[in-house]
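As a plain string of letters, each chain reads:
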Amino acid sequence: MTTHGIPADAATRPPILLWTPDHQAALLFPSPGHVLLAGTELFMTAAVPEGIDEARARFTRYARKQAARHPELLVVAAAYAPTHHAWSHPAEVPPNTATAHHLHLLREFTDGTLPAPTFAHTWWQTRRTAQSNGERVRGPLRDLLDHVFLLLEDYEVAPELAEPTDLTATELRAAVTEAYRDGAVGS
């Protein structure tokens, strides 16, 4: 998240509303210390690539740090709280979420009941769903899912396109199994 100071001249004193020339997005500067951003889904995806919930969570942390200077930020943060809780352990993950599906895929893959290409394709699809749902993970669960993401970056589903440094299906299964077991976040 990038923050920039706005010069305190007559043109930028709150409240002020700015919008893009095509009216696809707007920025409201209601009071010192923060702005509110809104726009089309395409604009918001580009402006807040980490997702709305993650941006809201970071704003809440910012509001806490700035509470002495701008106590009203805590009220704004409460009004725009994240929709989803950030899960750090599998037991916290609701069953009908993409993150729960990630955990299910990990169990099947490490048990040997899911082939590597199917695991890879389904993992990426599930990752996109989790992101579009605004699901957030943190701590050990985030570390595990990020590690699997990086392992999959080194695996080529199509054997004919694999480079010598890419992981084989067997190597991928071994590395994911080790990460899953060492991560101490299993089922």
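To keep things clear, this report deals only with the structure shown in the data block. (Residues numbered from 1 in each chain as written. Predicted model: local features only at pLDDT ≥ 70, side-chain atom pairs only at ≥ 80, totals over all residues. Heavy atoms only, no water.)

## Concerning the nonpolar core
Note the threshold: We call a set of buried Ala, Val, Leu, Ile, Met, Phe, Trp, Tyr and Cys residues a nonpolar core when their side-chain atoms join them within 4.5 Å. Each residue's exposure class comes from its accessible area (1.4 Å probe, protein chains only) as a fraction of the maximum for that residue type: buried when under 20%, exposed when over 50%, partly exposed otherwise. Runs of H or I in DSSP of at least four residues are treated as helices and runs of E of at least two as strands, each being numbered from the N terminus. Contacts are assigned to residue pairs with any non-hydrogen atoms lying within 4.5 Å of each other.
With 24 residues, the main nonpolar core has L106, F119, W123, V148, L152, L172 and V176 as its most contacted residues. Those elements giving two or more residues to this core turn out to be α4 (98–111), α5 (116–133), α6 (139–153) and α7 (169–182). In terms of residue count, α6 provides more of this core than any other element does, six residues in total. For W123, the contacting residues outside a window of four places in its chain are H102, L105, L106, L145, V148, F149 and L152. Counting residues in each nonpolar core, the second largest holds five residues, with F59, A63, L73 and A77 among its members.

## A word on the sheet that holds strand β2 (residues 25–31)
Condition: Here the rule is simple: two strands pair whenever DSSP picks up at least two bridges between them. Axis definition: a line fitted to C-alpha atoms, over the contacting stretch in the case of helices. Angles run 0 to 180 degrees between N-to-C directions.
Spatially, three strands are ordered β1-β2-β3 in an open sheet, and the strand pairing comes out antiparallel. For this open sheet the edge positions go to β1 (16–19) and β3 (34–39), each flanked by a neighbour on one side alone. Pairwise comparison of adjacent strand axes, ignoring direction, gives a mean angle of 20 degrees for this sheet. For β1 and β2, the ladder comprises four bridges, and the chain directions are antiparallel. By the bridge assignment, W19 is partnered in β2 with A26.

## Overview of the packing of aromatic side chains
Stated formally: Two aromatic rings from Phe, Tyr or Trp, using only the six-membered ring of Trp, form a pair when their centres are within 6.5 Å; if the ring planes differ by under 30 degrees the pair is stacked, by over 60 it is edge-to-face, and anything between is tilted.
Counted by the stated rule, this structure contains four aromatic pairs. Seen in terms of ring centroids, F119 and W123 are 5.5 Å apart; in terms of plane orientation they differ by 45 degrees. Their pairing is tilted. Here F119 pairs with W123, and both are found in helix α5, just four residues apart, close to one helical turn. Summarising the burial analysis for this pair, F119 and W123 share the class buried. Taking the centre distance of 5.2 Å and the plane angle of 80 degrees together, the rings of W124 and F149 count as edge-to-face. You can see W124 sitting in helix α5 and its partner F149 sitting in helix α6, a full 25 residues away along the chain. Feature note: the residues F109, F119 and W123 constitute an aromatic cluster, connected by ring pairs.

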